[in-house]
Amino acid sequence: MAESPRSFIYTQHAMHDKSVRHQVDFWREQGERAHWFKRYDKVLDDSRGSEHIYKWYTGGMVNCCYDALDVHVEAGHGSRVAVYYDSPVTNTKKHYTYAQLLEQVATVAGGLRKLGVAAGDRVLIYMPVMVETMVAMLACARIGAIHSVVFGGFGAKELATRINDSQPKVILAASCGIEAQKVVAYKPLLDGGLAMATHEPHKCVILQRPQCEASLTPLDMLWEDLFSAQPVDAVPVTSNHPLYILYTSGTTGQPKGVVRDHAGQIVSGKFAMPTCYGINPGETFFGASDVGWIVGHTCMVYSPLLAGCATVMYEGKPVGTPNPGSIWRVVSETNTKALFIAPTALRVMRRDDPNGEYIKHYKPKMDQFQTLFVAGERLDPPTFDWARDLLGCAVVDNWWQTETGFPMAIICRGLDNNDIPPRAGSCGHPGVGYDLRILRDDGIEAEPGEMGRVVCKLPLPPGTLLTLWNNEKRFLSSYMSRYEGYYETGDSGFIDEERYVHIMSRTDDVINVAAHRLSTAAIEDVLVQHPAVSEGAVVGIHDDLRGQIPLGLVVLKPERASHPDQVIREIIAAVRESIGPVAFFKNCGIVERLPKTRSGKILRRTIAAIADGRERPVPPTIDDPAVLGEVERCLKEQLGYPRPRTESMYGDVRCGEEGVDREATAAVASAAA
Ligand code: COA
Ligand code: AMP
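Analysis parameters
- Residues numbered from 1 in each chain as written.
- Chains lettered and ligands numbered in written order.
- Predicted model: local features only at pLDDT ≥ 70, side-chain atom pairs only at ≥ 80, totals over all residues.
- Heavy atoms only, no water.
- Near = heavy atom within 4 Å.
- Polar contact = N/O pair within 3.5 Å; in protein donor to acceptor, adjacent residues only side chain to side chain.
- Areas by Shrake-Rupley, 256 points an atom, 1.4 Å probe, with all protein chains shown as cover.
- Nonpolar A, V, L, I, M, F, W, Y, C, P; charged D, E, K, R; others polar.
- UniProt positions renumbered as here; feature names shortened; annotations may be inferred.
- Helix = DSSP H or I, 4+ residues; strand = E, 2+ residues; numbered from the N terminus.
- Axes fitted to C-alpha atoms, helices over the stretch in contact; angles between N-to-C directions.
- Parallel < 35°, antiparallel > 145°, perpendicular 65-115°, else oblique.
- Left-handed = near helix turned anticlockwise from the far one by under 90°.
- Contact = heavy atoms within 4.5 Å.
- Domains from an automatic or database assignment.
- Buried area = accessible area lost by both parts, 1.4 Å probe.
- Salt bridge = Lys/Arg side-chain N within 4 Å of Asp/Glu carboxyl O.

> Explain the site of ligand 2 to me, please; I cannot follow it from the model alone.
Inspection of the region around ligand 2 gives 15 residues, with Asp-397, Asn-398, Thr-402, Asp-491 and Arg-517 positioned closest. Side-chain polar atom of Asp-397 to a nitrogen atom of ligand 2: 2.7 Å apart, as the coordinates give it. Here ligand 2 loses 92% of its free accessible area of 490 Å² to cover by the protein chains. For the shell around ligand 2, a count of residues per class yields 4 nonpolar, 5 polar and 6 charged.

> In this structure, what is going on with the UniProt feature "domain: AMP-binding enzyme C-terminal" (unreviewed entry) in the protein chain? I would like to understand it.
The UniProt entry lists residues 523–601 under the feature "domain: AMP-binding enzyme C-terminal" (unreviewed entry), expressed in the numbering used here. Structurally, residues 523–601 is divided into 28% helix and 32% strand, and its ends, taken at the C-alpha atoms, are 17 Å apart.

> In this structure, what is going on with the packing of helix α5 (residues 131–142) against helix α9 (residues 294–306)? I would like to understand it.
Two numbers describe a pair of packed helices, the interaxial angle and the distance between the axes. Contact pair α5 / α9: the axes reach a minimum separation of 11 Å and the direction vectors enclose 55 degrees. The orientation of α5 relative to α9 falls into the category oblique. Handedness of the α5/α9 crossing: right-handed. Contacts between α5 and α9 pair Met-134, Met-137, Leu-138 and Ala-141 from the former with His-297, Met-300, Val-301, Tyr-302 and Leu-305 from the latter. When its residues are assigned to classes, the contact of α5 with α9 shows 8 nonpolar, 1 polar and no charged.

> Just checking my understanding: could you explain the site of ligand 1 for this structure?
In the vicinity of ligand 1 there are 25 residues, among which Glu-179, Lys-182, Lys-317, Arg-546 and Arg-576 approach most closely. With respect to ligand 1, the side chain of Lys-182 contributes an N or O atom lying 2.6 Å from an oxygen atom. Val-582 places a main-chain nitrogen or oxygen 3.4 Å from an oxygen atom of ligand 1. When ligand 1 is considered free in solution it has 940 Å² of accessible area, and contact with the protein chains removes 84% of it. Here the residues of the shell around ligand 1 sort into 13 nonpolar, 5 polar and 7 charged. Inspection of the shell around ligand 1 shows a minimum of three residues originating in each of domain 1 (12–479) and domain 2 (510–642).

> Help me out: how do you make sense of the domain arrangement of the protein chain in this one?
One widely used convention gives an interface's size as the accessible area the parts lose upon coming together. Taken domain by domain, the protein chain comprises domain 1 (12–479) and domain 2 (510–642). One C-alpha centre belongs to domain 1, the other to domain 2, and the line joining them spans 32 Å. At the junction of the two partners, domain 1 supplies 24 residues and domain 2 supplies 21 residues. Taken together, the two surfaces of domain 1 and domain 2 that pack against each other cover about 1,700 Å², and 53% of this comes from carbon and sulfur. Counting across the interface, domain 1 meets domain 2 through 1 salt bridge. Across the salt bridge formed by Glu-403 and Arg-517, the nearest N and O atoms sit 2.8 Å from each other.

Below you can see the structure in the form of structure tokens.
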């Protein structure tokens, strides 16, 4: 099969225009890049359009693993590097060619099949950034099993929730992950999750790592045992057969199981790598994330492989393994053309290398390097300037979500559109395939430059979420119900007169901690389970490094209020154990009462504003305004908030309690310009 051609004929505007005005033609053309075991009957099936349910390429048969590996080997590119693995924490560097990766994947797929895993069965993967994790994901795809990777920074309760919801037949886990100097034993977390879960898998396959070998239970077997099987061929599955479930935080404690399908992943992956990221077959793309997040799925595993590129798996931190030059070292050693990283990681590198001494050291060896992509949270302008000035390359912020799987706003680097310069504070122009609109609360479209809720006109392009696992009702109510005919992103922002998209904050109670998406509701659930707590609230507050961090306020039961310090210590420990260390929950204060509306709704945004030292949005429906003074005192005396900021990352734009704060729009728009 011919390799995907790079498209030179479109500007981003022309391509975007075609993708939203002539959606079916556009995605028919893109669909040509996939290998169809059986061609689809319909490009877009809108037979349930009135219910806001759309399906792409119905009637076709595909396999995402086949497109990611076999097609390249069959086309004679088996000796090309598929993946570079660099693990400074274990002192390991290795690479696998496409042929070698295919052999591993086909064998592990055979091993899974031998365990009774068949198409449609779920396999939960609890493994860190290792080539074996990628092998596990692709092996599932090969036999039509549905993988669900759980991020290693989550604790036992989060794991149990995902086990119960996805009901995996098999769990694949590593014995440990390595977080800089620290070895994190995964097996006790897995056993804890299984003890809490009501569902029990048939088997757990454990990859023993020498840094921390796990003791096995009768349910366990070893990763090596999978290799006693014969390699198997890719199984053709229907276009919309689920490829994976990736859980993400919503507004309740129950995470949402985003489902992506085989055909959508193939087409969007083959489209995004050359067009959005400007990467061609044989070139290297380095997605510095974790496999447990959507960026890991798209940028580390599927998209580079589907496009015939080399991908990089880096098991290290941006700093401290051993220094802030590690990422640039890997860039130079793997001939990386584009790096994708979270703004928090850049901020920490900037903190430890303000003058870019490490960048200067490695830059002469970064011949191929052309673009730095950032996403996951807003890139603050000072860090944008730092990176651009020191690297001397394009710095491209792009905006997307677990739900969409590829960029909703970006400056496409694979198109002839150099007339769109990246702009600090903006995540680029609307992404190809997405008809973005900004709506006021009443559903009327906002003016250019006016803040509002960011939505996308339906249907969404292929590759975006198909549904939520086992919960179509929640899929529709979470995303499609507020504005008829639109997907609601949950973000607020504006599009300026020159079409630059600015994403400013969430409209819901989801927070973004070091580019990790977390639910304040899930943390609140842990707080209120403490026997001494009668009520609790968690909000996201500003943090110079992590963007946001959670802060909790609790009201204690009068009879249990005698040892407040101990209660706070226990609450913090409980969050760490249940949600995981990644929640970074370190601040919790005690108040007499929480600020509420007369109908009993906790005024979380008001609490966050007080902690941040911003002007507090106080709704007219507040029950007793005097409580705000009490909260202010608690935050100041117990937790030391508000704290001075080293620099303004976000400006002061936030949504109002009841919707969107339009007054700040003009100030931010002119600052961004
Ligand atoms: N497995 C186990 N534990 C993990 C983990 C993982 N995969 N990821 C994080 N943790 C732990 C950390 O070890 C830390 O534990 P500690 O409280 O015992 O120190 C805690 O969770 C908080 O982690 P983090 O906020 O990541 O802090 P850090 O000091 O370890 O690292 C950064 C700081 C900036 C280097 C890191 O947050 C980072 O690289 N962020 C970018 C995230 C990213 O790439 N997201 C992808 C979305 S695009
Ligand atoms: P996740 O699903 O974990 O990728 O988180 C998606 C959310 O992260 C989005 O809805 C935004 O709130 C935020 N986000 C991601 N990328 C950006 C960006 N480039 N700028 C601003 N916010 C972003």
